[in-house]
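Structure assessment
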Amino acid sequence: MKTKSENKFEFIHLDAEVLRDEKFEGEAIGFFKDAMLRFRKNRASVAAFIIILIIVVMSIFGPMINEYDYKQQNIQLALMPARIPVIEKLGIFDGVKTINVRKESIEEKYKDSLVKIVEEYKVRDVDMATIKIDMYKYKGVKDKYFWFGTDSLGRDQWTRLWRGSRISLIIAVLSMSVNIVVGVIYGAISGYYGGVVDLIMQRIIEVIGGIPLMVIVILFVLYYGPGIIPIAIALCLTGWIGMSRMIRAQFYKYKGMEYVLASRTLGATDRVLIFRHILPNAVGIIITMSALAIPSAIFSESFLAYIGLGLQAPEPSIGVLLSEGQQVLLEHPHLTIFPAFLISILMISFNLLGNGLRDAFDPTLRGQE
Amino acid sequence: MKRFLLLLVIATLLCSTLAGCGNKDVDSEVGSQEVADELDEAKENEPVVYRTTGSKTVTLNPHIYQTTAESDTMSYIFGNLLAIVYDEETENYKFIGDHAVDLPTRNEDGTVWTFKLREGLKWDDGTPLNARDYEYSYKMLMDPKLKNSRGPQVFDADVVVVNAKKYWDGECEWEDVGIKALDDYTLEITLEFPVPEVDFYLTFTGGGATSPVQEKVYEAGMNEDRTETNYGTSKETTPSSGAYKLEEWIRDQMKVYVKNEYSPIKDIYTVDRVESRVVEDENTRVQLFENNDIDAVGLSGANYDKYAEDPRLVFSKSTTVWSMFINMASEDKPFLRDVNFRKALFYAMDRKTIAEDIFKTAKPAPYVVSSFKIAVPSKGLTYRETEAAKSVLPQNDGYDLELAKEYFDKAYEAYGKKMEVEIQYFDNSENMKRVAELLEQDYENLFGADRIDIQLRAVPWNNAYDNMEEGKYDLGFGGWAGGVFNPWSSMEVYTQGFTSKIDQFKSDEFDELYRRTVKGDLIFKEQERIEALAKMEKILLDEVPFVPMYEPEGASMYHDRIELITKGKYLPGVGFGTLQSHFAPLE
Amino acid sequence: MARYIAQRLVLMVITLFVIVSVSFFVLHSMPGSFINDPRMPKEVKKAIEDKYHLNEPLIVQYGYFLKDFVRLDFGISIALQPKVNVNKILATKIPVSMQVNIFSLILSIPVGIILGIWAALKKNKIPDHVISILIIAFISIPSFVFASLLQYFIAFKLGWFPIVVTTEQTLTWSKFVSMVLPILALSFGSIAGIARYTRAELCEALNSEYMLLAKSKGLTQVQATTRHAMRNSFIPLANIIIPMFTGIMGGSLVIEKIFSIPGMGSVMVEAINAKDYPVAMGVLFWYSLVGLLTILIVDLSYGIIDPRIRIGGRK
């Protein structure tokens, strides 16, 4: 538009320079880079990440650290309690076991290995005693150290535990990745499109969730034999449903929001809306759920082991070890303690890692210190 | 949030009302305690209570029961014509008449047997019980429409009643069947072929398929088509005729039995009241025992270690010899057909380790017939104690590594390449898994992992047996239970005519020996019969259709206050005689 | 809304029918027989199986099944409790499990929510860390370990509670006392589950602007949290709490075994293992029905908790 006072204005920078925004001082920071920056600041999560790394490394190299093999049996040394160098001086994990014996056999059998007599009592007029003995001395293997003890066939629990955690982790990661991909896509489509699509997709989920999983797994294992892949697939059959429900709920929450509406009015495609505008809101949930999915996959696997659908023997997994330990929990606690402890550590670490990642990826916190 | 507060309030209220009730309860308990103190002197006359645990019983219908938990219960509450009890004079078992006056009489060739029943027999509700009830019960047991699973007891067992199978199949009338109540107190049973006395007695001894059922309850529970009855599915539908009656039955939880005043043999038993609780977890059972909540407990390998030196331990025996079956007719693995290979597996089997280190309480068994089985019932002599049996027994529990290697070398030479075999084991048994793992290591170490490769596979147990029947396996564990008093008829499972055969063994000579000892000329010839059995065992040990491994023994403990009448000996038919034992009063 | 519910209910019937039908064929395709006497002669076994039509083509068996199914009758059990009607078995078993589960629910929901709120309010402080570690311990240590340890130390060693649940049929004080340990063992997992989701959701909500607004209007932190933030956190929570309410009819396999509770825990596993098809189908049907109703309630609850959400609404 021209005005009469046109000449009163003077153009500056007309030829000399182009008007520009002020330049960013630093480098451009992308979404992931920003997330990494914030993740690194969360010390607990970094520690958890390191612990997980250690466990992964141990599950690869742990079985090679001592001289034993995961399937090498020594039935004479079955069910030896744990004995760890240095720590044994503290009075724990020192290879000592409490047993009930006839008093006369203390002299005969346990003279050398006796640590102390806990209690004396009488049953049917026979003198009995509860005594503590050093199992390693009793079996004449004072030079050996089974760090985590041995199982009922005399196999080294340390080696089996790491070997088992390797297999459990493989199964868990395999099934988790499938579950997340399927669950996210399914949940997103179902939640975003809603209406008939949602109705039908949810009914399909209900049908899949309704069929007894155990029967499918039994059939699976019967036809394909027990192994890592059949078990991982079995865990995928229904594992993604929980994830898809969560994502769907998120979509319901966000798809009606004003910013989505605004973006849609501006012509954003469905794909952009789903993946660029709504899904990032669910990143927190996805990450928390995946962090939980690994230990829960290990649990599901141990339930299968508990009802007898475990891996092909003599291959161990954390689930197999736990179900073996469960029957002798009170008598030989070392068979349960170590696998349960490892699962707990894994859980805690994955959780902390999950929390850290969630905070890091939370779009509302972006750029904040 | 308010709603949750409300919930909390309700919860607290609920708890406090409960607590209120509780106080009252505690009061009354204190009251009864005082009464009990007063009556302390009268303790001598208090009923003797035996507290025990058991497994679930799925039914108490004697015509369809399956498990030992059920037959245990039935032995309490169902009478029969005969009973087997502990005899203090001979320190052994003894058959006596229960509903029958005495042992049955037989005709000369041993095919027609006659029971005389006592007069004045009654059900626990006081209604009369006589030979007609027995006839009705057997008619129902074999009823073609009900198709009761225990029907085979009278046509496919030691005793075969004339036309029983035909009636079961619906091909003849009841009048043609060899069971007749001649009058109210006489029952006549006609058999297809003669049997030794002990086999006949056993068929009609103790609570079980041949116990009487009460007609009015059985009929009342029938559906319209007369294909099902709800007899024995609840306390109301389970009339008692045995030494005890069912006082309470909460499914899958507990049962209480008290003495049945109408039972003719009730005075033989010292226990007045049995309380049985269903506890499936083994650790729980042991804790209940230690806590003095129950009087007896069974111990498995895992718990056994702790009590290995306990003086309260007693051991029960089993008729099963667990074995590793070999698919000796394998199509795709010809080396399994080679007897040298099978013998190699036999001699390399470390039975002692399996029995003592894995099962803890088992016995190594390089033989086919369990050491519990009786060969001379009149003397209580077991088959394994006879000379004939000893002659077929291999040295050193059949463990000979040199011999095993020798056989293996021959088999390997014949086959020429690496042998790959799979052992299938039951998925519900940790111990079986351990045996499989042990064998994998033992065999691979001894024969060389480059020459033999063993894979393991867990299979649900009934599928495992199906696989073996169909010959779809290489090696697999299995075992047959059988009658204690009839080791001969137990051999049926290895004959070619046996329809549920799980081995692939075929021998006409063996079948002929079986026929002669069970249905033929050797039935009443004691010595020759034993020798024939030894011969059958020898054939099996030579052919090795399976490698015998071990014979389980069950360890259990009884409370201090119980003085077992058998002094801890486990006898066929009566076990430890718990119910006849002396019980000191409960503290 | 009413139209939506009606629509969902109709669909539910169809879904149920599909589930039951597919499961029927899957179950029957398992090898093996309900007769587990390996010594029984083949022809006898076949005759008994024939009585239950088990040797006929699957489609014919399916026809027989449907005939009874339309009356919601699953027939009689063939292995678990032979000759007893399936619905009757469930009617006696479910209350036993429910008894324990109700108490566990009463305990775990308030405790879980309170712990969750507390942890969220004290985020990254000592109480949060302690609660988080407890939560993770409860989630990650298998329930059999808890149950066995509770039983061994508290009941057996200390003698505070009975080792197993008493046999009384009604809920007396002594029965309640004997149920304390299984209730605890059952609750740990759900407490941990609720607490963890409450915490996670609240942490998110606490950062939002409306909280700032609420506080600037003069609400205390607790008021703002319970009245505003909690309400926004209920959507994900509804996902786990509502199923807990409907889930009280199920039982825990391991805990029921350890404390000798004759409940539902083992019924499905046993029915499948024993090839007791009628029982398996009955359990499957009733539990699917409850499960589907649960999903419907959860979906409807979204709209009630947050009116902005229109269930069934399109994009």
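Residues numbered from 1 in each chain as written. Chains lettered and ligands numbered in written order. Predicted model: local features only at pLDDT ≥ 70, side-chain atom pairs only at ≥ 80, totals over all residues. Heavy atoms only, no water.

1. Observations concerning the interface of chain C and chain B
- In this complex, chain C contributes 51 residues to the contact, which on the side of chain B involves 58 residues.
- Carbon and sulfur atoms make up 61% of the area that chain C and chain B hide from each other, which totals about 4,900 Å².
- For the pair chain C and chain B, the interface holds seven salt bridges.
- Put simply, Asp-252 of chain B and Lys-93 of chain C hold a salt bridge, and the shortest N to O gap is 2.5 Å.
- The interface formed by chain C and chain B includes 20 residue pairs in polar contact (both at pLDDT 80 or more).
- Breaking the side of chain C that touches chain B down by element, the ones donating at least two residues are helix 2 (42-51), helix 4 (86-121), helix 6 (143-157), helix 7 (173-206), helix 9 (221-246), helix 10 (253-258) and helix 11 (267-273) of chain C.
- A per-element tally of the side of chain C that touches chain B places helix 4 of chain C first, with seven residues.
- Looking at the side of chain C that touches chain B, its residues break down into 30 nonpolar, twelve polar and nine charged. (Contact = heavy atoms within 4.5 Å. Buried area = accessible area lost by both parts, 1.4 Å probe. Salt bridge = Lys/Arg side-chain N within 4 Å of Asp/Glu carboxyl O. Polar contact = N/O pair within 3.5 Å; in protein donor to acceptor, adjacent residues only side chain to side chain. Helix = DSSP H or I, 4+ residues; strand = E, 2+ residues; numbered from the N terminus. Nonpolar A, V, L, I, M, F, W, Y, C, P; charged D, E, K, R; others polar.)

2. Thoughts on the confidence of the model for chain C
All names here are of chain C.
- Residues at a pLDDT of 70 or more form 97% of chain C, whose mean pLDDT is 87.
- The lowest-confidence element of chain C is helix 9, averaging 79 in pLDDT; the highest-confidence one is helix 3 (residues 58-69), averaging 93.
- Two summary scores accompany this predicted model of the complex, namely pTM at 0.86 and ipTM at 0.88. (pLDDT = per-residue confidence, 0-100.)

3. Comments concerning the pattern of salt bridges
All names here are of chain A.
- One pass over the structure, following the stated rule, counts 54 salt bridges over all chains.
- The partner of Arg-155 in a salt bridge is Asp-151, and the shortest N-O contact between them spans 3.0 Å.
- For Asp-151, a relative accessible area of 1% puts it in the buried group.
- Residue Arg-160 pairs with Asp-151 through a salt bridge whose shortest N-O separation is 3.5 Å. Taken individually, Arg-160 and Asp-151 each receive the classification buried, so the pair is uniform in this respect. (Buried < 20%, exposed > 50% of the residue type's maximum accessible area, 1.4 Å probe, protein only.)

4. Looking at the UniProt feature "domain: ABC transmembrane type-1" (unreviewed entry) in chain C
- This chain's UniProt record puts "domain: ABC transmembrane type-1" (unreviewed entry) on residues 94-302 of chain C.
- End-to-end, the C-alpha atoms of residues 94-302 of chain C are 29 Å apart, and along that stretch the chain is 79% helix and 0% strand. (UniProt positions renumbered as here; feature names shortened; annotations may be inferred.)

5. As for the UniProt feature "transmembrane region" (unreviewed entry) in chain C
- Under the feature "transmembrane region" (unreviewed entry), the UniProt entry names residues 9-30, 102-121, 133-156, 176-195, 234-255 and 284-305 of chain C.
- In residues 176-195 of chain C, the share of helix is 100% and the share of strand is 0%. The end C-alpha atoms are 26 Å apart.

6. Examining the interface of chain A and chain B
- In this complex, chain A contributes 38 residues to the contact, which on the side of chain B involves 34 residues.
- Taken together, the two surfaces of chain A and chain B that pack against each other cover about 3,100 Å², and 45% of this comes from carbon and sulfur.
- There are six salt bridges connecting chain A and chain B.
- Among the ionic pairs, Glu-331 of chain A bridges to Lys-306 of chain B, the shortest N-O distance being 3.8 Å.
- The tally of links from chain A across to chain B stands at eleven residue pairs in polar contact (both at pLDDT 80 or more).
- Looking at the side of chain A that touches chain B, the elements that each hand over two or more residues are strand 1 (96-102), strand 3 (126-134), helix 7 (213-224) and helix 11 (318-326) of chain A.

7. Notes on the environment of Gly-267 of chain A
- Within the element layout of this structure, Gly-267 of chain A appears in the loop between helix 9 (258-265) and helix 10 (270-306).
- The sequence separation of Gly-267 of chain A and Tyr-223 of chain A amounts to 44 residues, and the corresponding C-alpha distance is 51 Å.

8. Regarding the packing of aromatic side chains
- A full pass over the atoms with the stated rule returns 68 aromatic pairs over all chains.
- Measuring from ring centre to ring centre gives 4.2 Å for Trp-113 of chain B and Phe-200 of chain B, while their planes differ by 15 degrees; the resulting arrangement is stacked. Taken as a pair, Trp-113 of chain B in strand 5 (residues 112-116) and Phe-200 of chain B in helix 5 (residues 197-203) lie far apart in primary sequence, 87 residues in all. There is no split in this pair, since Trp-113 of chain B and Phe-200 of chain B are both buried.
- Feature note: the residues Phe-24, Phe-25, Tyr-62, Phe-65, Phe-69, Phe-74, Phe-285 and Trp-286 of chain C constitute an aromatic cluster, connected by ring pairs.
- Residue placement shows Arg-83 of chain A over the ring face of Tyr-136 of chain A; its charged tip is 4.9 Å from the ring centre. (Phe/Tyr/Trp six-rings, centres within 6.5 Å; stacked < 30°, edge-to-face > 60°. Lys NZ or Arg CZ within 6 Å of the ring centre and 35° of its normal.)

9. A short note on a negative patch on the surface
- Taken together, Glu-104, Glu-108, Asp-125 and Asp-127 of chain A together with Asp-560 of chain B make up a surface patch of like negative charges.
- Its place among the elements puts Glu-104 of chain A in helix 3 (residues 103-108). (Patch = residues over 30% accessible without salt bridge, like charges linked within 9 Å, V, L, I, M, F, W, Y side chains within 5 Å. Areas by Shrake-Rupley, 256 points an atom, 1.4 Å probe, with all protein chains shown as cover. Lys, Arg positive; Asp, Glu negative; His and termini not counted. Charge placed at Lys NZ, Arg CZ, Asp CG, Glu CD.)

10. So, unusual backbone geometry
- Its identity is not glycine, yet Val-86 of chain A carries a phi of approximately 70 degrees, on the positive side.
- Along the chain, Val-86 of chain A turns up in the loop between helix 2 (43-65) and strand 1.
- According to the relative accessible area criterion, Val-86 of chain A is exposed, its value standing at 63%.
- With a phi close to 65 degrees, Lys-360 of chain B is a non-glycine residue in the positive phi region.
- Tracing the backbone through its elements, the reader meets Lys-360 of chain B in the loop between helix 10 (351-358) and strand 14 (363-364).

11. Describing the side chain of Lys-51 of chain C
- With respect to the helices and strands, Lys-51 of chain C occurs in helix 2.
- In this structure Lys-51 of chain C comes out as buried when scored by relative accessible area, which is 17%.
- Only 2.5 Å separates the side chain of Lys-51 of chain C from the backbone oxygen of Leu-146 of chain B, close enough to count as a polar contact.
- A distance of 2.8 Å separates the side chain of Lys-51 of chain C from the backbone oxygen of Thr-227 of chain B, its partner in a polar contact.

12. What about the sheet that holds strand 1 (residues 49-54) of chain B?
All names here are of chain B.
- With respect to topology, four strands assemble into an open sheet ordered 1-10-9-8, the strand pairing being mixed. Each end of this open sheet is capped by a strand with a single partner; those strands are strand 1 and strand 8 (244-250). With strand direction ignored, the average angle separating the axes of adjacent strands in the sheet is 20 degrees.
- Bridging between strand 1 and strand 10 (residues 273-278) involves six bridges; their strand directions are parallel. Within strand 10, the residue paired with Thr-52 across the bridge is Ser-276. (Pairing = 2+ DSSP bridges. Axes fitted to C-alpha atoms, helices over the stretch in contact; angles between N-to-C directions.)

13. A word on the sheet that holds strand 5 of chain B
Residues and elements named next belong to chain B.
- Within the open sheet, the four strands sit side by side as 4-5-7-6. Their pairing is antiparallel. The strands lining the two open edges of the sheet, one partner per strand, are strand 4 (105-106) and strand 6 (179-183).
- Across two bridges, the pairing between strand 4 and strand 5 is antiparallel. Paired with Arg-106 across the bridge in strand 5 is Trp-113.

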